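Reading the structure
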Amino acid sequence: MAAASHDSAVGEHASSAPGKATNRTALGRSKALTVKKTTPAKKTAAAPAKKSATSAKKTAAKKSAATKAAATKAVVKKAAVTKAAATKAVAKKTAVTKAAAKKTATAKPAPTKPAPTKPPTKKPPTKPESHTALVRRARRINRELAEVYSYAHPELDFENPFELLVATVLSAQTTDLRVNQTTPRLFAAYPTPEDLAAAVPEEVEELIRPTGFFRAKTKSIMGLSKALRDDFGGEVPGRVEDLVKLPGVGRKTAFVVLGNAFGVPGITVDTHFGRLVRRWKWTEETDPEKVETAVAALFPKSEWTMLSHRVIFHGRRICHSRKPACGACPIAELCPSYGEGETDPEKAKKLLKYEMGGLPGQRLKPPPDYPGRPAPPLAEG
Ligand code: SF4
């Protein structure tokens, strides 16, 4: 716009000059005027330019200011947004932290170690158990066991005192099951003390080989058969002092024979019996004779034989040497050693043996009241 008005002013002065060309003065004046006029024109033309420049400058400045303002606004806006976002984030974080803190404060403290699966093995004794209390507890255990094992019996198969004596000698260092699987053939070949006393040792050895230590055992059973034949008229004596003089016969064997073949009360201290009475704190003794004396003092004589069977039954079925099945034990509440074995009822159930675990028993010919299955004969081969 400024440039167009400048051109129009110049055109006006040029169109009037040719009409006054002969008049030099006029021309000169006109020229002077033109020159004079031109100067202002220049001035006029420069002014708008200046104006324009100023305007442009102003516009630019304005624009720059606007840009600056916009930028500032944007920066401010951005800053505001950032601040708001930051504030929001901080607020959120604080809220989360607070919530977490609240949760932590209200939540139960995490257990530092897993809950014990086993209850305490026993309460620390406040005072030693009196003899009267021990007798009561021991007899209660016996009564409980009598209910559980109403069918308790010696677990060796036998038809007469001689067979029971020989089977008991053979049962050293092996199971009653293995003896029961071995003796049918032995007694079929040598049914009396005289027959066995006259046997060929190697043949006897071969027959009793499955029971282990068969040479030493052959010497014992042939030696006791000769003694019975020569000293007792071919009969098994019914007195402990006679029995213990026979080769291979100790007090344990003597009491088994007396108790089960003669009805003479006796306590049989085998490995199961000794382990269990120590777990029950009936005695601390380890010597079988001392154990026998200590336990005998807790019970009437009439109970001795059946007590022995019940304790041995319990040791074979539930209160095992390595892992007693405490969680399935009917006398757990009377036992100071509860917790020595598996206390989980389901796991304990799996440890039960013989009829308690639904398995065959040890006898091939069990008594009629035995609730389990008979043992299988020795596998051929
Ligand atoms: S509670 Fe355990 S240790 Fe005690 S008698 Fe029972 S199985 Fe044996």
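Cut-offs and rules
Numbering of residues begins from 1 in every chain and follows the order in which that chain's sequence is written. Whole-chain, interface and lining totals are the exception, using all residues; otherwise, since this is a predicted model, local features are given only for residues with pLDDT of at least 70 and side-chain atom pairs are given and counted only at 80 or more. Helix numbers and strand numbers start at the N terminus; a helix is a DSSP run of H or I with at least 4 residues, a strand a run of E with at least 2. Burial is judged by counting other C-beta atoms within 10 Å of a residue's own C-beta: 20 or more means buried, 12 or fewer means exposed, and anything between counts as partly exposed, with every C-beta placed from the backbone. We call two residues in contact when the distance between their C-beta atoms, placed using the backbone, is within 7 Å. Note on geometry: axes are lines fitted to C-alpha atoms, helical ones only across the stretch in contact, with angles between N-to-C directions running from 0 to 180 degrees. Should an angle fall under 35 degrees it is called roughly parallel, over 145 degrees roughly antiparallel, and 65 to 115 degrees roughly perpendicular, with every other angle called oblique. The term nonpolar core refers to a set of buried Ala, Val, Leu, Ile, Met, Phe, Trp, Tyr and Cys residues connected through C-beta atoms within 7 Å. By convention here, the C-beta atom is placed from the backbone, and a residue is near a molecule or strand when that atom is within 6 Å of it. Charged residues are taken to be Asp, Glu, Lys and Arg, nonpolar residues to be Ala, Val, Leu, Ile, Met, Phe, Trp, Tyr, Cys and Pro, and polar residues to be all remaining types, Gly included. UniProt positions are given in the numbering used here, feature names are shortened, and annotations may be inferred rather than shown by experiment.

A few words on the overall build of the protein chain. Counting its secondary structure elements, the protein chain contains 14 helices and zero strands. Starting at the N terminus and ending at the C terminus, the protein chain contains elements arranged as α-α-α-α-α-α-α-α-α-α-α-α-α-α. Within the protein chain, the fraction of its 381 residues that count as buried is 28%. A separation of at least 24 residues holds for 56% of the contacts in the protein chain among residues at least 6 apart in sequence.

Here we take up the packing of helix H11 (residues 271-279) against helix H13 (residues 304-317). For any two helices packed against each other, the geometry comes down to the angle between their axes and how far apart the axes lie. Direction vectors running N to C along H11 and H13 enclose 85°, while the axes themselves pass 8 Å from each other. It follows that H11 is roughly perpendicular to H13 by the angle criterion. Listed contacts from H13 to His272, Phe273, Arg275 and Leu276 of H11 are Ser308, Val311, Ile312, His314, Gly315 and Arg316.

A few words on the nonpolar core. Ranked by internal contacts, the top residues of the largest apolar core, which has 62 residues, are Leu165, Val166, Ala167, Val257, Val277, Ala325 and Cys329. Here this core takes seven residues from helix H4 (residues 161-170), the largest share from any one element. Other than its neighbours up to four places away in sequence, Ala167 contacts Leu156, Phe158, Val179 and Thr183.

Residues in contact with the ligand amount to 14 residues; listed here are only the nearest, Cys319, Pro324, Cys326, Cys329 and Cys335. In terms of residue class, the shell around the ligand is made up of 10 nonpolar, two polar and two charged.

So, about the UniProt feature "binding site: [4Fe-4S] cluster" (unreviewed entry) in the protein chain. Listed under "binding site: [4Fe-4S] cluster" (unreviewed entry) in the UniProt record, and renumbered for this structure, are Cys319, Cys326, Cys329 and Cys335. Spanning 17 residues, the named residues form one tight spatial group whose C-alpha atoms are at most 10.9 Å apart. Mapped onto the elements of the fold, Cys319 is located in the loop between H13 and helix H14 (345-349). When residues no more than four places from it in sequence are discounted, the contact partners of Cys319 are Leu276, Arg279, His314, Pro324 and Cys329. As for its placement among the helices and strands, Cys329 is situated in the loop between H13 and H14. Cys329 gets classed as buried once you count the C-beta atoms within 10 Å, which come to 22. Contact partners of Cys329, with chain neighbours within four places excluded, come to Ile318, Cys319 and Cys335.

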